[in-house]
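Fold and geometry: a report
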Amino acid sequence: MPGIEPLQPRKPTLAPAPGASPTALRLVLGAQLRRLRGEAGITPDVAADRIRCSTAKISRMETGHSPCKERDAADLLALYGVTDPLRTAEFIDLVRRAGQRGWWRHYADVLPDWFEPLVGLEEAAASIRTYEGHYIPGLLQTADYAYAVVRSGHALESEEVTRRRVELRLRRQQLLQRRDAPKLWVLLDEAVLMRPTGGARVMREQLAHLLEMTELPHVIVQVAPFAVTAHTSPGNGITYLRFAMDGLPDVAYIEHLTNATSVNKQESTDEYRWILDSLSAQSPSPAESRDLLRQALKRYSAGNRLSDGSAV
């Protein structure tokens, strides 16, 4: 498709940046621990015995799902034969940075454990690709649309908790305004445009905002028609993140009803990348998709003659 290039195999070029998010640094740290253990020929059982923990914890550390203490890191480095003081000091510094708290911890009261990794990874991503079959992705939602989405899933919560959830969602969007903003490539199922989330007024404002965001050079939106998703649909939402930091693999984040799964093994991420590439190739181009967004906006604008929330 003109103007759209499928993702190519990643070629890391940069070391962990000083401003990288703790979540991303934990992945880098874990990958390095796994590589060093493999090079030393040490089994997870032996590593676990050295720092007096379970093999499950070693696995969680190596996949970036658990933090690593400085003392444990020092013991593991010694076990793996890392004796260079400078290299050890750099590694311990990485451990410290990976253990810091990100800004999103301020929202720990409304941030599920299974969703926190995505927020941290978004901060470090060079590119974010996402497929959504139910709602506009959170990074592109208006406040009123976000409110409607949050209430639909948490109708019994207090208004204050809802406000906090919406505030977190809007805070995440600030990364798109950074000078080094990641490239955001969104695939929307056609059903998202047909679903009047929040009513006609909210949808009008949301679609107008979406069109405005597509004018940014680093934001791409494609609409995947029913004819395409009927044959090539992942079912659940997918977010695929790629990073500029050396040692950090691509991550595919798959949403479920009440939790999510993240994978970074290449055989798994390759499959999700293929799904997104296939959907993109079969869908209308970004320019054609903007026309579809404008048509949807006109339909909701015609809803001025209807009561808000009516089907359009």
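The structure reproduced in this document is the subject of the present report. Nothing here was measured: the structure is a model prediction, and the numbers come from that model. (Residues numbered from 1 in each chain as written. Predicted model: local features only at pLDDT ≥ 70, side-chain atom pairs only at ≥ 80, totals over all residues. Heavy atoms only, no water.)

**Quick look at helix α7 (residues 143–153)**
Since there are 3.6 residues in each turn of an α-helix, residues three or four apart along the chain are aligned in direction. Worth spelling out the cut-off: For every residue, the accessible area (1.4 Å probe, protein chains only) is compared with the maximum for its type, and the residue is labelled buried under 20%, exposed over 50%, or partly exposed between those bounds. Only runs of H or I of at least four residues qualify as helices and only runs of E of at least two qualify as strands under DSSP, and these elements are numbered from the N terminus. Contact criterion: two residues are considered in contact whenever any of their non-hydrogen atoms come within 4.5 Å of each other.
For α7, the set of buried residues is Tyr145, Ala146, Ala148, Val149, Val150 and Arg151. Looking at the buried positions of α7, the neighbouring elements they touch are α8 (159–172), α9 (190–194) and α10 (200–213).

**Considerations on the pairing of strand β2 (residues 183–189)**
Just so we agree on the cut-off: DSSP bridges decide pairing: two strands pair if at least two such bridges lie between them.
Where burial is concerned, most of β2 is hidden: six out of the seven residues are buried. Pairing of strand β1 (residues 125–132) with β2, which is carried by six bridges, proceeds in the parallel orientation. Residue pairing in the sheet places Tyr131 in a bridge with Leu187 of β2. As paired strands, β2 and strand β3 (residues 219–224) are joined by six bridges and run parallel to one another. Bridged to Leu187 within β3 is Gln222.

**Some details on the side chain of Gln141**
Looking at the element boundaries, Gln141 is found in the loop between β1 and α7. If we ignore the near neighbours within four places in the chain, the residues touching Gln141 are Tyr135, Ile136, Ala146, Val149, Arg169, Leu170, Gln173, Gln206 and His209.

**Let's talk about the sheet that holds β2**
The following threshold applies: Note on geometry: axes are lines fitted to C-alpha atoms, helical ones only across the stretch in contact, with angles between N-to-C directions running from 0 to 180 degrees.
The strand order across the open sheet formed by six strands is β3-β2-β1-β4-β5-β6, and the pairing between neighbours is mixed. Pairing within the sheet leaves two strands with one partner each, and these edge strands are β3 and β6 (260–263). Across this sheet, the average inter-strand angle for adjacent strands is 15°, counted without regard to direction.

**Remarks on the side chain of Thr239**
So the rule is basically this: We define a polar contact as two N or O atoms separated by no more than 3.5 Å, with the added condition that, inside protein, one atom must be a possible hydrogen donor and the other a possible acceptor, whereas residues neighbouring each other in sequence contribute only through side-chain atom pairs.
Mapped onto the elements, Thr239 comes out in strand β4 (residues 238–243). Polar contacts involving the side chain of Thr239 include one to the side chain of Thr130, which spans 3.4 Å. Filtering out sequence-adjacent residues up to four positions away, Thr239 remains in contact with Leu118, Ile128, Arg129, Thr130, Val251, Ala252 and Tyr253.

**Some thoughts on the packing of aromatic side chains**
Cut-off, in case you're wondering: The rule is short: rings of Phe, Tyr and Trp, with Trp giving its six-membered ring, pair when the centres are within 6.5 Å, and they are stacked under 30 degrees, edge-to-face over 60, tilted in between. Either the NZ atom of lysine or the CZ atom of arginine qualifies as a charge over a ring when it sits within 6 Å of the ring centre and within 35 degrees of the ring normal.
Counted under the stated rule, the structure contains four aromatic pairs. Geometrically, the ring pair formed by Trp103 and Tyr107 is edge-to-face, given 6.2 Å between the ring centres and 85° between the ring planes. The exposure class of Tyr107 is buried, given its relative accessible area of 7%. Judged by centre distance (6.0 Å) and plane angle (80°), the rings of Trp114 and Phe115 are edge-to-face. By relative accessible area, Trp114 is classed as partly exposed at 31%. Accessibility expressed as a relative area gives 15% for Phe115, which makes it buried. One aromatic cluster in this structure is built from Trp103, Trp104 and Tyr107. Its guanidinium or amino end placed over the ring of Trp185, Arg129 lies 3.9 Å from that ring's centre, counting from NZ or CZ. Across from the ring centre of Trp103, 4.0 Å away, lies the NZ or CZ of Arg171, which sits over that ring.

**Structural notes on α8**
Under the convention used in this document: Any helix carries an expected span of 1.5 Å times its number of residues minus one.
Taking 1.5 Å of rise per residue, 14 residues should cover 20 Å, and α8 covers 20 Å from first to last C-alpha, within 8% of that figure. Here α8 has its buried residues at Thr162, Arg164, Arg165, Val166, Leu168, Arg169 and Arg172.

**A closer look at the environment of Thr214**
Considering the arrangement of structural elements, one finds Thr214 in the loop between α10 and β3. Exposure remark for Thr214: the relative accessible area of 6% places this residue in the buried category. Beyond its immediate stretch of four places on either side in the chain, Thr214 contacts Val219, Val221 and Arg290. Within the structure, Thr214 has its side chain in polar contact with the backbone oxygen of Leu211 (distance 2.6 Å).

**Brief notes about the nonpolar core**
Spelled out, the test is: Only buried residues count toward a nonpolar core, which is a set of Ala, Val, Leu, Ile, Met, Phe, Trp, Tyr and Cys residues joined through side-chain atoms within 4.5 Å.
In terms of nonpolar packing, the biggest core is built from 70 residues, with Leu140 and Leu207 touching the most fellow members. Ignoring any residue separated from it by four or fewer positions in sequence, one finds Leu207 in contact with Leu193, Leu293, Ala296, Leu297 and Tyr300.

**Some thoughts on the pattern of salt bridges**
Which entries qualify depends on this criterion: Each salt bridge in this description consists of a side-chain nitrogen of Lys or Arg and a carboxyl oxygen of Asp or Glu lying within 4 Å of one another.
Inspection of the entire model under this criterion finds 21 salt bridges. Among the ionic pairs, Glu205 bridges to Arg201, the shortest N-O distance being 3.0 Å. With Glu205 and Arg201 both in helix α10, this residue pair falls four residues apart, about one helical turn. Residue Glu205 is classed as partly exposed on the basis of its relative accessible area, which comes to 37%.

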